[in-house]
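# Reading the structure
Below, each chain spelled out in residue letters.
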Amino acid sequence: MRHSLLPSNCPFCGKVRHPAHIRQCPNNPERRGQREELNWREKQIIALLISGKVNKEIAQILGLEYQTVRNTLARAYKILGVTHSRELFPIIEHVRAEVLEGTKD
């Protein structure tokens, strides 16, 4: 069994994460200079995802290709330091608030 693939504590944030998270952890000093905030489209797709929509529904609603939705979510997950949509739920209110603020313009 390869131990390098087992979850462990991230040295930057202390959370138990998959080793791939360590490269993407927002607290990792090697990430400096990389984009750390979600863009509007990423926020929009995450808001739909956490409201219960699946990727295919999101693509239809926004008039995007299914693969575009998947790619956008993959980028957003890296920025947020998560690996699965289940990990998004603790930040639901934050993302929804930002999306709602953006629609008031």
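Since the model is a prediction, treat every value here as computed from it, not as a measurement.

Turning our attention to the confidence of the model for the protein. Per-residue confidence for the protein averages 78 on the pLDDT scale, and 68% of its residues sit at or above 70. Mean pLDDT across the elements of the protein bottoms out in helix α5 (residues 92-103) (64) and peaks in helix α3 (residues 55-62) (97).

Let us look at the packing of aromatic side chains. This structure, assessed with the given rule, holds zero aromatic pairs. The ring of Tyr66 carries Lys56 above its face, with NZ or CZ at 6.0 Å from the centroid.

What follows deals with the pattern of salt bridges. Applying the stated criterion across every chain yields a total of one salt bridge. Across the salt bridge formed by Arg75 and Glu42, the nearest N and O atoms sit 3.5 Å from each other. Within this pair, whereas Arg75 is found in helix α4 (residues 66-80), its partner Glu42 is found in helix α2 (residues 40-50), the two being separated by 33 residues in sequence. Relative accessible area serves as the criterion here: at 0%, Glu42 is assigned to the buried category.

So, on to α4. Here α4 spans 21 Å end to end across 15 residues, near enough to the 21 Å set by a 1.5 Å rise per residue. Residues of α4 that are buried: Val69, Thr72, Leu73, Ala76, Tyr77 and Ile79. Looking straight down α4, one finds that the buried residues subtend no more than 155 degrees of arc, so they occupy a single side. Its buried side turned inward, α4 meets α2 and α3. One or two positions beyond α4, positive phi appears at Gly81, with a value near 75 degrees.

What follows deals with the packing of α2 against α4. At their nearest, the axes of α2 and α4 sit 9 Å apart, and the two run at 100 degrees to each other. The angle between α2 and α4 falls in the class roughly perpendicular. Here Arg41, Glu42, Ile45, Ile46 and Leu49 of α2 come into contact with α4, specifically with Val69, Thr72, Leu73, Arg75, Ala76, Tyr77, Ile79 and Leu80. In terms of residue class, the contact of α2 with α4 is built from nine nonpolar, one polar and three charged.

Our focus in this paragraph is the packing of α2 against α3. Contact pair α2 / α3: the axes reach a minimum separation of 10 Å and the direction vectors enclose 125 degrees. Judged by the angle between their axes, α2 and α3 are oblique. The element α2 and its partner α3 pack so that their crossing is right-handed. The residues of α3 that touch α2, namely those facing Arg41, Gln44, Ile45, Leu48 and Leu49, are Asn55, Ile58, Ile61 and Leu62.

Criteria and thresholds
- Residues numbered from 1 in each chain as written.
- Predicted model: local features only at pLDDT ≥ 70, side-chain atom pairs only at ≥ 80, totals over all residues.
- Heavy atoms only, no water.
- pLDDT = per-residue confidence, 0-100.
- Helix = DSSP H or I, 4+ residues; strand = E, 2+ residues; numbered from the N terminus.
- Phe/Tyr/Trp six-rings, centres within 6.5 Å; stacked < 30°, edge-to-face > 60°.
- Lys NZ or Arg CZ within 6 Å of the ring centre and 35° of its normal.
- Salt bridge = Lys/Arg side-chain N within 4 Å of Asp/Glu carboxyl O.
- Buried < 20%, exposed > 50% of the residue type's maximum accessible area, 1.4 Å probe, protein only.
- Expected span 1.5 Å × (residues − 1).
- Arc of directions from axis to C-beta.
- Contact = heavy atoms within 4.5 Å.
- Axes fitted to C-alpha atoms, helices over the stretch in contact; angles between N-to-C directions.
- Parallel < 35°, antiparallel > 145°, perpendicular 65-115°, else oblique.
- Nonpolar A, V, L, I, M, F, W, Y, C, P; charged D, E, K, R; others polar.
- Left-handed = near helix turned anticlockwise from the far one by under 90°.

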